[in-house]
Amino acid sequence: MGAVTSTMDYQQVLDHIAEEIARTPGRGRSADYIPALATRDPRAFGMAVAELDGTVHGVGEWREPFSTQSITKVFTLALDLAHEGDELWEHVGREPSGNPFNSLIQLEYENGIPRNPFINAGALVVTDRLHTRTGDAAGELLRLLRAESGNPDLDFDPAVAASEATHGDRNAALGHFMASYGNIDNPVPLLLDQYFRQCSVTASCADLALAATLLARHGVRADGTRLLTRSQAKQVNAVMLTCGTYDAAGDFAYRVGLPGKSGVGGGIIAVVPGRCALCVWSPGLDERGNSVAGVAALDLFTTLTGLSVF
């Protein structure tokens, strides 16, 4: 199949992908360390492609809401960059971690500066800095997602947030450790509440694909206003490519060739700059916390369409 040239082609590609995924035997297992996520069927599957004009194509359970988890870190990063610009990069790095997403090890070696904004420590720093500038980081995130997706009903899931808080000792340790280096402004319990709420947002593939077109349009919002400079949008996409799938980012870049961000709820967003944005959801995860069927579906998408940043 050649490069996508029409609306119908996107739907044909998605239908073909769904058929291939349905024949895939192993799908990983749902995240069981967050009780609210453990009950999702690991073989569920949905995928959506959003064009820059807001047209959305989907297949499978593409309108089924799921827990976004770490996917929201992309949008929190975009909001903070819009508020403070390059000053952020004095407090968080831009390098792949090579360690699990909730690791404490590198923080001590690197004096409380997390490797990138998408591991938990880095996301805590970004949330902290956005909260200092807005007074409600989670609320700012939710308003952005509602506006960009066109879905005013998007919301936090209190059960998921509470579940994360109950099992959030490692995140608390990360927060306190960075605070000891002066890299956290707000009280750690307040920061954790903000962080767990942002991770609890529930959205569908359609919602997230539409929201991610912000980055496909190089920082321009759905209403035509600019949130990010073109350079800042490039920064977010670059960090997604190199750091967006935990310590499997190299393999994701090799297989998929697009900026992407995964979450342990089974979702992955991906961006084709200047063309479209995608979201795929399947709760079965590999050992690194990425959706097995999701990565396979995005691999198929770029293979079938030839759409890649490479």
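Residues numbered from 1 in each chain as written. Predicted model: local features only at pLDDT ≥ 70, side-chain atom pairs only at ≥ 80, totals over all residues. Heavy atoms only, no water.

Quick reminder of the rule: UniProt positions are given in the numbering used here, feature names are shortened, and annotations may be inferred rather than shown by experiment.
Taking an unreviewed UniProt entry as the reference, the chain is identified by name as Glutaminase belonging to Streptomyces nitrosporeus. Quoted verbatim from the Catalytic activity (unreviewed entry) heading of the UniProt record, the comment on the chain is "L-glutamine + H2O = L-glutamate + NH4(+)". The record held by UniProt for the chain lists under Subunit (unreviewed entry) the comment "Homotetramer."

**A few points about the UniProt feature "binding site: substrate" (unreviewed entry) in the chain**
Going by this rule: Comment: elements are numbered from the N terminus, with helices defined as DSSP H or I runs of at least four residues and strands as E runs of at least two. In what follows, a contact means two residues having at least one pair of non-hydrogen atoms within 4.5 Å. Under the scheme applied here, a residue whose accessible area is under 20% of the maximum for its type counts as buried, over 50% as exposed, and between as partly exposed, the area being computed with a 1.4 Å probe on protein chains only.
Look at the UniProt record and you will see "binding site: substrate" (unreviewed entry) annotated at Ser70, Asn120, Glu164, Asn171, Tyr195, Tyr246 and Val264. As for its placement among the helices and strands, asparagine 171 is situated in helix α7 (residues 169-180). Among all residues touching asparagine 171, those that are not within four sequence positions of it are Asn120, Leu124, Leu192, Tyr195 and Phe196. What makes tyrosine 195 buried here is its relative accessible area of 2%.

**With respect to the side chain of serine 204**
For serine 204, the location among the structural elements is in the loop between β5 (201-203) and α9 (205-216). Discounting residues that sit within four places of it in the chain, serine 204 has contacts with Trp62, Arg63, Glu64, Pro65 and Phe66.

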